[in-house]
Amino acid sequence: MLKIVVKRAEIRITGIVQGIGFRPFIYNLAKTYSVCGWVLNNENGVFIDAESEDGNLDRFVTDIPALAPPLARIESFDVRYLEPVGRATFEIRKSEEAENKFVLISPDVATCDQCLSELSSPQDVRYRYPFINCTLCGPRFTIIKDIPYDRQKTTMAPFVMCRLCRKEYEDPADRRFHAQPNACPVCGPSLLLEDEEGSPVSGDPIETTLTLLRKGSIVAIKGLGGFHLACDARNQDVVSALRSRKFREDKPFAVMCRDIEEVKEHCEVDGEEERLLTSVERPIVILRRKRDSGIAPSVAPYQNTLGMMLPYTPLHHLLLNDSFRALVMTSGNVSDEPIAYRDGEARNRLKKIADYFLYHNREIHTRCDDSVTRIFEGRPYILRRSRGYVPFPVKLSFPIEKILACGGELKSTFCLTRDAYAFVSHHIGDLENLETLTSFEEGIKHFKRLFFIEPRAVAHDLHPDYLSTQYAFSIEGIPKVGIQHHHAHIASGMAENGIEGEVIGVALDGTGFGPDGTVWGGEFIKANFKEFDRMAHLKKVPMPGGSKAIQEPWRMGMVYLTEAFGEETDSLTIDFMKRVDMQEWNILKRMIEKKINTPWTSSMGRLFDAVSSILSIRDEVHYEGQAAIELEMILDHGVREEYSFQIRKNERPMGIDPSEIIRGVVGDLRNGVNPSRISGKFHRTIARLIVETCEEIRREEQLNRVVLSGGVFQNIFLLSLVTKGLRESGFETYTHHLVPANDGGISLGQAVIGHMKLFQ
Ligand SMILES: [Zn+2]
Ligand SMILES: [Zn+2]
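Let us look at the structure shown here.

The rules behind each value
- Residues numbered from 1 in each chain as written.
- Chains lettered and ligands numbered in written order.
- Predicted model: local features only at pLDDT ≥ 70, side-chain atom pairs only at ≥ 80, totals over all residues.
- Heavy atoms only, no water.
- Helix = DSSP H or I, 4+ residues; strand = E, 2+ residues; numbered from the N terminus.
- Rg over C-alpha atoms; globule rule 2.2 N^0.38 Å.
- Buried < 20%, exposed > 50% of the residue type's maximum accessible area, 1.4 Å probe, protein only.
- Contact = heavy atoms within 4.5 Å.
- Areas by Shrake-Rupley, 256 points an atom, 1.4 Å probe, with all protein chains shown as cover.
- Donors = N, O, S within 2.8 Å, 3.2 Å for Na, K, Ca; no water.
- Tetrahedral: all angles 85-135°; square planar, octahedral: opposite > 155°, others 65-115°.
- Pairing = 2+ DSSP bridges.
- Axes fitted to C-alpha atoms, helices over the stretch in contact; angles between N-to-C directions.
- Phe/Tyr/Trp six-rings, centres within 6.5 Å; stacked < 30°, edge-to-face > 60°.
- Lys NZ or Arg CZ within 6 Å of the ring centre and 35° of its normal.
- 1 Å grid on protein atoms, 1.4 Å probe; cavity = no way out; pocket = protein on both sides within 12 Å on 5 of 7 lines; lining within 4 Å.
- Points joined across faces, edges and corners; volume = space filled by probe spheres on them.
- Nonpolar A, V, L, I, M, F, W, Y, C, P; charged D, E, K, R; others polar.
- Expected span 1.5 Å × (residues − 1).
- Polar contact = N/O pair within 3.5 Å; in protein donor to acceptor, adjacent residues only side chain to side chain.

**Things to note about the overall build of the protein chain**
When its secondary structure is counted, the protein chain shows 23 helices and 31 strands. Here the protein chain has a C-alpha radius of gyration of 28 Å; the compact-globule value for 760 residues is 27 Å, and the two agree. Principal axes of the C-alpha set define a box for the protein chain whose edges measure 95 × 65 × 55 Å. Split into buried and exposed, the 760 residues of the protein chain put 60% on the buried side. Within the protein chain, residue pairs in contact and separated by at least 24 positions form 71% of the contacts whose partners lie at least 6 positions apart. Summed over its atoms, the accessible surface of the protein chain is roughly 29400 Å², and 48% of this surface lies on carbon and sulfur atoms.

**Details of the coordination of the zinc ion (ligand 1)**
Metal coordination angles in their ideal form are 109.5 degrees for the four-donor tetrahedron and 90 or 180 degrees for the six-donor octahedron. The protein atoms donating to the zinc ion (ligand 1) are Cys112 (SG), Cys115 (SG), Cys134 (SG) and Cys137 (SG), with metal-donor distances spanning 2.3 Å. Viewed at the metal, the four donor atoms of the zinc ion (ligand 1) are separated by angles of 102 to 116°, and the geometry they form is tetrahedral. Each donor residue of the zinc ion (ligand 1) belongs to the same chain, with the gaps between them written as C-x2-C-x18-C-x2-C. Of this pair, Cys115 sits in helix α3 (residues 113-119) while Cys137 is found in the loop between α3 and α4 (163-170), placing the two residues 22 residues apart along the sequence. Judged by relative accessible area, Cys115 falls into the buried class, the value being 0%.

**Structural notes on the sheet that holds strand β18 (residues 403-405)**
Sheet architecture is open: six strands sit in the order β17-β20-β19-β18-β21-β22, paired in mixed fashion. At either margin of the open sheet sits one strand with a lone partner, and together these are β17 (394-395) and β22 (480-483). Each of β18, β19 (415-418) and β20 (421-424) is contacted by helix α11 (residues 434-450), which is oriented at about 15° to β19, the strand it contacts most. Packed on one face of the sheet, helix α12 (residues 467-474) meets β18, β21 (457-461) and β22 and runs near 155° to β21.

**Some thoughts on the packing of aromatic side chains**
Inspection of every chain in the model, using the stated rule, returns 17 aromatic pairs. Aromatic side chains Phe447 and Phe451 sit 5.7 Å apart centroid to centroid with 65° between the ring planes, which places their arrangement in the edge-to-face category. Each of the two residues, Phe447 as well as Phe451, counts as buried. The aromatic ring of Tyr302 is capped on one face by Arg618, whose charged end is 5.0 Å from the ring centroid.

**Remarks on the sheet that holds strand β2 (residues 36-42)**
On the basis of which strands lie adjacent, the open sheet formed by five strands has the order β4-β1-β3-β2-β5 and mixed pairing. Looking along the sheet, the strands with just one partner apiece sit at the ends: β4 (73-82) and β5 (90-92). Shown here is a sheet whose adjacent strand axes are inclined to one another by a mean of 15°, direction ignored. As defined by bridge partners, β2 adjoins β5 across three bridges and the pair is classed as parallel. Residue pairing in the sheet places Trp38 in a bridge with Glu91 of β5. Across the sheet, helix α1 (residues 22-32) lies against β1 (6-16), β2, β3 (45-53), β4 and β5, angled at about 175° from β5, the strand it touches most. Where helix α2 (residues 54-67) meets the sheet, its contacts fall on β1, β3 and β4, and the angle it forms with β3 comes to roughly 155°.

**Some points on empty space enclosed by the protein**
Applying the stated criterion across every chain yields a total of four cavities of 30 Å³ or more. Empty space within the largest cavity amounts to approximately 140 Å³. In terms of residue count, helix α9 (residues 314-321) provides more of the lining of the largest cavity than any other element does, three residues in total. Considering only enclosed or pocket space, the second largest cavity measures out at about 60 Å³ in volume. Taken together, Leu383, Arg384, Arg385, Lys411, Thr413, Val424, His427, Pro740, Asn742 and Gly744 form the lining of the second largest cavity. Of the residues in the lining of the second largest cavity, the class split is three nonpolar, four polar and three charged.

**Some remarks on unusual backbone geometry**
Cis geometry is adopted by the peptide bond preceding Pro391, which originates at Val390 and carries an omega value of 10°. Its location among the elements puts Pro391 in the loop between β16 (379-384) and β17. Here the residue pair Arg652 and Pro653 is connected by a cis peptide bond, since its omega of -10° sits within 30 degrees of zero. Positive phi, close to 50°, is recorded for Phe452, a residue that is not glycine. Looking at where Phe452 falls in the secondary structure, it is placed in the loop between α11 and β21. A relative accessible area of 25% means that Phe452 is categorised as partly exposed.

**Overview of the coordination of the zinc ion (ligand 2)**
Taken together, Cys162 (SG), Cys165 (SG), Cys184 (SG) and Cys187 (SG) make up the full set of protein donors to the zinc ion (ligand 2), lying 2.2 to 2.3 Å away. Geometry at the zinc ion (ligand 2) is tetrahedral, judged from the four donor atoms that bind it and their angles of 102 to 116° at the metal. Positions of the donor residues of the zinc ion (ligand 2) along the chain correspond to the pattern C-x2-C-x18-C-x2-C. Of the two residues, Cys162 and Cys165, neither departs from the other in class, the shared state being buried.

**Comments concerning α9**
Counting buried positions along α9 yields seven of eight residues, so the element is predominantly enclosed. The complete set of buried residues in α9 reads Pro314, Leu315, His316, His317, Leu318, Leu319 and Leu320.

**Quick notes on helix α13 (residues 485-497)**
Working note: α-helix, 3.6 residues per turn, so residues spaced by three or four point in the same direction. When the terminal C-alpha atoms of α13 are compared, their 19 Å separation across 13 residues agrees well with the 18 Å that a helix rising 1.5 Å per residue should span. Across the 13 residues that make up α13, a large majority, twelve, are buried. Three or more residues of α13 are buried, namely His485, His486, His487, Ala488, His489, Ile490, Ala491, Ser492, Gly493, Met494, Ala495 and Glu496. Measuring from the backbone nitrogen of His486 back to the side-chain oxygen at the start of α13 gives 2.7 Å, which picks out Gln484 as the cap. Following α13 by one or two positions, Gly498 adopts a phi angle in the positive range, close to 65°.

**So, the environment of Val394**
Secondary-structure assignment places Val394 in strand β17. Val394 sits in the buried class, given a relative accessible area of 3%. Sequence-wise, Val394 and Tyr421 are 27 residues apart; in three dimensions their C-alpha atoms are separated by 5.8 Å. Setting aside anything within four residues of it in sequence, one finds Val394 in contact with Ala420, Tyr421, Ala422, Val424, Glu496, Leu738, Val739 and Leu748.

In structure tokens form, the structure reads like this:
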């Protein structure tokens, strides 16, 4: 007779394993393998006691990490074998979680395949129901008002579950067991279509919306984290109308495509990009645009890329399934304001833009923009980290004190830390007005409550005028610590890569407050988590008019030409000079001489601006970084030549003088070289300059690890060249994959440096 061996195991799992359908998953897996025992949530994670016949128990144990729900992040998985006790059933036991225990909270998750198939099957009670969801998908972070994560503490509270929904919710075997936003057409949220006057439009809201979009209307559509402005992406007239009504002169709009095949109609998509587009996070992915794409040109003027995303709510699927293969889905805001997310404010703020409003009556608690990403070296490279990613923390390689870091000014985020977690906030926006400041303050309050973090210190930028710095100053009773902008960039890159000790940091961006009173931005530092030394930087130049010089790159063009050519500048025979208003320039020259409103800067962003303008690409910008982005867009990737430059090796810090680069550019222009080739040569030169500066620092400091950070590294071509050049020279290189290289990432670095300075 065959002897049946029964085995019993105690399994402890930590990580992100709660509130994401883990227990029903375990329950169903137990059923599959006839495993008896129980599962429960406790303050450490998930605790399982399981017994079954030998082979089945082993399969159960191996399948847990292998088949875990998509949102699970298993950090530890411990199995201990015990004497069997002869259980006969498997149950989900009541949680051991004590009150006020800290657990991780899930981001919003794209509609899962099972829900999608129900959505499209006429027999299903949720056929074409725009709010279908389950334990594996649906709204989370944006509807959570408080913890513990429970329906009563979400914006689903006003909807009382019907019998069917309640039954699913209470049945451990059901895939909607404890799905807090569970809803159906009988008991859940519903849609409402209104015209711009606020009068309801009769008929089926989805069908009518589609008809309106087909006719060329702009419809404000309430989504997960805010309103989108939607219109037909192939209709040039309506896209141009949207552009002018939004005052978004050149900034690209995101496009939502029906499916991956449609994305491939318009863009080149490789395997990694496809994986990112179809991931549960469903970010916008920046892709190379195909020349013959049918998307209206004014969706992304002056760009050879398109920001594409796939539907992530049931409503998106319903809108895109039949009628439309591609819709513009851009943030519901005017110009640089934050995205509208409450019905009343959307009505007020968007009524001059949208012809119609498609509302739903599930409130959005936290405003959360779409995330923006691209792929670099086969991994996600995040430009804006928000919906789908937040509030998952960045895991640090060491425990950290509870700290609030207030971030910078543009693309602002904040960061709160505890244990080994850094909770980097959703994208707040440019902290320049009351609206964003309120969003910032409310966000901090919300995160403090959600994760039980009462900060013991506050870290902030050194810039005294940033609203984030002033907010930090207003907090009483805890120590405050100012962190240099570029040091924060590099520390952020170190923290997310789990590296410690001393590194060479290359932080290149537009603007960051320097302790010497100048504007930094072309910085090579020796850094650890506590301190930094400025080893080299781009030579300082005047910035006549301060922020005006950022908006008008031609000013920097003249500044750099003057640096390179002195008195001869005025007689240069290039197109750029024909456009310069010499009267205005003479006024600016006097401002520089008299030191009126003229900060000095070592910013790499300003050098890119200058070259962009000298090449007649852009003299004035309408959004941050535009001149540099357009300089990248036209570049000829095939160019191999470089310009020369000078590193002043005997200065401390070393000065990097780009005058020869400028002379080279002008020489090429005079010889009729195509601006695309010049841009290619310029990019190669900057990459070479970075590598050589790092080599120089290595010679002195014996450091071999280089961290690349700052907004300039959103330029993927430059990033690739630099990474390749550094590796060929034997360096280990690190850059960002979890938080943005731009200022959206500095709050993480601030928190870590603050911790080291104050508590280590
Ligand atoms: Zn689902
Ligand atoms: Zn229901």
